Amino acid sequence: MTTHPADAILTPFDMWGMSLPNRLAVAPMSRVTATPDGYPSQRMVRYYEGFARGGFALLITEGIYPDKSFSQGYFNQPGLADDDQAKAWRPITDNIHRHGSRVFAQLMHAGALSQGNPHRSHTVGPSAISPNGTQLTFYKGVGQYPTPVAMTSGQIDEAIGGFVQATVRAATLAGFDGVEIHGANGYLLDQFLTETSNQRADEWGGHVIKRVRLLTETISRVRAAVDQRFPVGVRISQGKVNDFHAKWPGGEDDAAVIFRALAKAGADFIHVTEYEAWRPAFDGADTSLVALAKRYAGDVPLIANGGLHDLQRAAHMVKQGVAMVAMGRGALANPDMPSLIASGRALRPFDASILGPIADIKESELTLRHG
């Protein structure tokens, strides 16, 4: 008997001590619409409320910088680097809760990919190696990425501490329901995981089990700093904003090490993102990165992201055991996606002009949410 995709996607379920009305999450998307000093703007309040009003069970914020040292990646990026910034998130989290949705803060340290940090005049990374590609113009970047300064042990510890302190603020001051540690897309934690950007000869570099250590140390220390009922998860990917086609050189062997390590570190969920999440993770193989995460991370709940606005593919992910499906482009085009699916109405196509020439939040988006 054939079932409709909505039967899987709109199934209520309980996870992380929360009752969630469906399997749909909003994926994290940098929108550079905060104030210059990192406070959420009124436009952001309306933007996030629109997804909750539209029925998404879980919203994951854009990347939020956790400290006023080297973590900020973009101008007009929001922060959780002090108590005042944390309290400024309250109008957003309160509005989301008012509509019955939950919200996780994504904590992001840009590392060598920082292209807009007013707190420091240079960037840092695992090694003094220039990142591939050029700065992202739709996030106000210009030219090549600068060569970072290799981080000292003290700076590594400071970065981990920034994640810890921002998580405590998220839980106690900002009203978030959980945090997602950004270990994907080429940012600092992924730079340490990636062999080409991490050429260290100390305990943070070398074999993949050492290169994943900054991720696992961050998860473990963050997990220990907050109540066990406050979810702490991680986002992971192969591709990067500056190296779209990157793959883990060890293939499935690397995947096994990485996913087992994330589970052992205490991650409450793993958010796997690929450009097209259902595709094989490696050339010559037939298993997706999501399936490998399920194979090697045990019972850790998974969130899948990547081209899943096709409802058949999204439903298939859920039927294969994924806890939630995170929508990026699909959510931008359809902030009311759960409501549209429930009523049997067609989804709107994505309009790429939303993200150009600068990827800030447009008034036309807010009209769509409140029209």
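Computed from a prediction, not measured in an experiment: that's the story for all the values here.

Definitions and cut-offs
Residues numbered from 1 in each chain as written. Predicted model: local features only at pLDDT ≥ 70, side-chain atom pairs only at ≥ 80, totals over all residues. Heavy atoms only, no water. Helix = DSSP H or I, 4+ residues; strand = E, 2+ residues; numbered from the N terminus. Expected span 1.5 Å × (residues − 1). Buried < 20%, exposed > 50% of the residue type's maximum accessible area, 1.4 Å probe, protein only. 1 Å grid on protein atoms, 1.4 Å probe; cavity = no way out; pocket = protein on both sides within 12 Å on 5 of 7 lines; lining within 4 Å. Points joined across faces, edges and corners; volume = space filled by probe spheres on them. Pairing = 2+ DSSP bridges. Right-handed = clockwise from strand over helix to strand, strands pointing away. Phe/Tyr/Trp six-rings, centres within 6.5 Å; stacked < 30°, edge-to-face > 60°. Lys NZ or Arg CZ within 6 Å of the ring centre and 35° of its normal.

A.B. asks: Could you clarify how one ought to interpret helix 2 (residues 42–53) in this entry?
C.D. replies: Working note: α-helix, 3.6 residues per turn, so residues spaced by three or four point in the same direction. Between its first and last C-alpha atoms helix 2 spans 16 Å; for twelve residues at 1.5 Å apiece the expected length is 16 Å, and the two agree. Of the positions making up helix 2, those classed as buried are Met44, Val45, Tyr47, Tyr48, Glu49, Gly50, Phe51 and Ala52. Directly after helix 2, the chain includes Gly55, whose backbone phi takes a positive value near 105°.

A.B. asks: Got a minute to help me understand empty space enclosed by the protein in this structure?
C.D. replies: Enumeration according to the criterion identifies one cavity of 30 Å³ or more in this entry. One number sums up the size of the largest cavity: a volume of about 40 Å³. Together, Asp67, Ser69, Phe70, His109, Met151, Gln155, Glu158 and Ala159 line the largest cavity.

A.B. asks: Is there a simple way to explain the pairing of strand 12 (residues 324–327) in this structure?
C.D. replies: The side chains of a regular strand alternate between the sheet's two faces. Of the two faces of strand 12, both are covered, the one formed by Met324 and Ala326 as well as the one formed by Val325 and Met327. Pairing analysis gives three bridges linking strand 3 (residues 24–26) to strand 12, with the strands arranged parallel. For Val26, the partnering residue across the bridge sits in strand 12 and is Met327. Crossover connection from strand 11 (residues 302–305) via helix 11 (residues 311–319) to parallel strand 12: handedness right-handed.

A.B. asks: Would you mind showing me how to read the packing of aromatic side chains here?
C.D. replies: What characterises a pair of aromatic rings is the spacing of the ring centres plus the angle enclosed by the ring planes. Counted by the stated rule, this structure contains twelve aromatic pairs. Their ring planes at 75° and their centres at 5.0 Å tell us that Tyr47 and Tyr48 sit as a pair that is edge-to-face. The exposure classification of Tyr47 matches that of Tyr48, with both residues buried. Here the guanidinium or amino end of Arg23 rests over the ring plane of Phe13, the centre of that ring lying 4.0 Å away. When the ring centre of Trp278 is taken as reference, the NZ or CZ atom of Arg313 above it lies at 3.8 Å.

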